[in-house]
Amino acid sequence: MKKVITYGSFDTLHYGHILLLKRARELGDHLTVALSSDAFNLAKNKISHFDFAQREALLKAITYVDDIIPEDTWEQKRNDVTQLNIDIFTMGDDWAGKFDFLGDLCEVIYLPRTPRISSTAIKNIHVSSLA
Ligand code: C2G
């Protein structure tokens with residue numbers, strides 16, 4: 001069984017995330033998502049709109065996601081890949097090159113990021129414009 005892992009906050013879940021998760025799952029037979037904890041989001045200078053439990057509940061509803069673990073630190077990736085017997089590490093290509101150091105443990109694949117959609121853009125949509 002080819003195991004895939006990916007990391008992120010997945011705040012205000014949107015189709016860019018869904019496409020990423022779909023493509024990640026299609027790289028193998030099993031996809032683990034390491035979901036950023038609220039504390040780690042702060043370490044990334046991000047305040048997520050939804051807390052970990054809410055973001056986790058949304059991810060659990062996605063057929064492409066087989067397992068979810070917390071992401072608490074930048075440094076946990078090597079241990080995760082080893083402990084979970086991961087074959088492929090994948091991220092959107094806005095991270096291209098940043099995780100090549102995992103290349104001795106597993107395949108590292110960067111997937112095309114979906115343009116024009118982001119959690120930040122969604123959070124900036126003013127309620128009035130939705131009226
Ligand atoms: N993504 C995408 N297209 C978008 C937005 C995001 O493909 N329009 C991808 C990102 O490239 C990332 C994943 O969706 O692979 C999750 O995005 P974020 O939640 O923004 O993750 P990020 O804050 O980049 O956290 O240790 C790694 C970090 O936890 C990554």
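A brief look at the structure comes next.

Here is what the cut-offs are and how they apply
Residues numbered from 1 in each chain as written. Predicted model: local features only at pLDDT ≥ 70, side-chain atom pairs only at ≥ 80, totals over all residues. Heavy atoms only, no water. Near = heavy atom within 4 Å. Polar contact = N/O pair within 3.5 Å; in protein donor to acceptor, adjacent residues only side chain to side chain. Areas by Shrake-Rupley, 256 points an atom, 1.4 Å probe, with all protein chains shown as cover. Helix = DSSP H or I, 4+ residues; strand = E, 2+ residues; numbered from the N terminus. Nonpolar A, V, L, I, M, F, W, Y, C, P; charged D, E, K, R; others polar. Pairing = 2+ DSSP bridges. Axes fitted to C-alpha atoms, helices over the stretch in contact; angles between N-to-C directions. Contact = heavy atoms within 4.5 Å. Core = buried A, V, L, I, M, F, W, Y, C linked by side-chain atoms within 4.5 Å. Buried < 20%, exposed > 50% of the residue type's maximum accessible area, 1.4 Å probe, protein only.

**Examining the site of the ligand**
By nearness alone, 21 residues border the ligand, and Lys46, Glu71, Asp94, Thr114 and Ile117 come closest of all. Here Lys46 contributes a side-chain N or O atom positioned 2.3 Å from an oxygen atom of the ligand. In isolation the ligand exposes 630 Å². Once the protein is present, 96% of that is buried. Those elements that provide at least two residues to the shell around the ligand are strand E1 (3-8), helix H1 (15-25) and strand E4 (88-92). With three residues, H1 is the largest single contributor of residues to the shell around the ligand. Counted by class, the shell around the ligand contains seven nonpolar, eight polar and six charged residues.

**Comments concerning the sheet that holds strand E3 (residues 67-71)**
Taking strand neighbours across the sheet as the criterion, the five strands line up as E3-E2-E1-E4-E5 in an open arrangement whose pairing is parallel. At either margin of the open sheet sits one strand with a lone partner, and together these are E3 and strand E5 (107-111). Averaged over all neighbouring strand pairs, the angle between strand axes comes to 25°, with direction disregarded. In the packing of H1 onto the sheet, the strands contacted are E1, strand E2 (30-36), E4 and E5, and the crossing angle to E2 comes to about 140°. Packed on one face of the sheet, helix H3 (residues 52-60) meets E2 and E3 and runs near 165° to E2.

**Quick look at the nonpolar core**
Here is a general trend for soluble globular proteins: nonpolar side chains tend to be buried in one another's company. Ranked by internal contacts, the top residues of the largest apolar core, which has 16 residues, are Phe10, Leu21, Leu31, Val33, Leu35, Leu59 and Val65. At the level of elements, H1, E2, H3 and E5 are the ones that each hand at least two residues to this core. Look past the residues within four positions of Leu31 in its chain and what remains in contact with it is Val4, Ile5, Thr6, Leu21, Ala24, Arg25, Tyr64, Val65, Asp66 and Asp67. Core analysis: the next-biggest nonpolar cluster, separate from the first, contains 11 residues, Ile69, Val81, Ile86 and Phe99 among them.

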